[in-house]
Every structure is written in C-alpha cells, then in structure tokens.
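In case you want the letters, here they are:
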Amino acid sequence: FLETAAYFCMKPKMGEKEVSPHSFFSIWHEFSSDFKDFWKKENKLILQERVKEAEEVCRQKKGKSLYNIRPKHDSGIVSINCSHT
C-alpha cells in the first residue's frame, strides 16, 4: 500500500507519519466516481452519434431504388403489328 501511495506522490496529512488508507482511498473514490460519470456520458454521446450515422445510412438507402426500372420496349407480336400499320 505504501509503495502505491508513494507512486501516486501521496504525502501524509499534517500530524500523520504515513499516508493512511482512508485518506488515499477517499481521494481514489472521488476520482473513480468522476471517471465513471464521465465515461458514461462519453459513451452515451458516442452511441447517439452512431445512431445518427446509422439513421442517415438508412435514409440514403431508402432514397435509392432497390431495383432498376427499364423502359418497356415493344417486342414480339405487338411490335410487328405496330410497325406495319
């Protein structure tokens, strides 16, 4: 524990010889709570952006025809009868 506290440059409070677990973990708890809140907000924003992108892709695909429509050309008996009249 003391090595971990030293790694994070924790110093004992006034009147204490060593960093107490209570002081270290109270700071760590605040940090981890804030980090979790920001993480959730960031994930929510990323999800909203992805949903918008997916909706845009769907709109673009709906705008395009799924099949091609070709103009009808007369063929067979109808074309023969119409061209001779």
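Residues numbered from 1 in each chain as written. Predicted model: local features only at pLDDT ≥ 70, side-chain atom pairs only at ≥ 80, totals over all residues. Heavy atoms only, no water.

Undergrad: Please provide a residue-by-residue account of the pattern of salt bridges, values included.
TA: Tallied over the entire structure, the rule returns one salt bridge. Between Glu56 and Arg59 there is a salt bridge; the shortest N-O distance is 2.9 Å. Of this pair, Glu56 and Arg59 both sit in helix 2 (residues 21–63), separated by three residues, roughly a single helical turn. (Salt bridge = Lys/Arg side-chain N within 4 Å of Asp/Glu carboxyl O. Helix = DSSP H or I, 4+ residues; strand = E, 2+ residues; numbered from the N terminus.)

Undergrad: Residues and numbers for a nonpolar patch on the surface, please.
TA: Side chains of Phe1, Leu2, Tyr7, Phe8, Phe25, Trp28, Phe31, Phe35 and Trp39 sit close together on the surface and give an oily, nonpolar patch of about 1000 Å² of accessible area. Elements supplying a minimum of two residues to the nonpolar patch: helix 1 (2–7) and helix 2. No other element matches the five residues that helix 2 contributes to the nonpolar patch. Note that Trp28 resides in helix 2. Since its relative accessible area comes to 38%, Trp28 is described here as partly exposed. (Patch = residues over 30% accessible without salt bridge, like charges linked within 9 Å, V, L, I, M, F, W, Y side chains within 5 Å. Areas by Shrake-Rupley, 256 points an atom, 1.4 Å probe, with all protein chains shown as cover. Buried < 20%, exposed > 50% of the residue type's maximum accessible area, 1.4 Å probe, protein only.)

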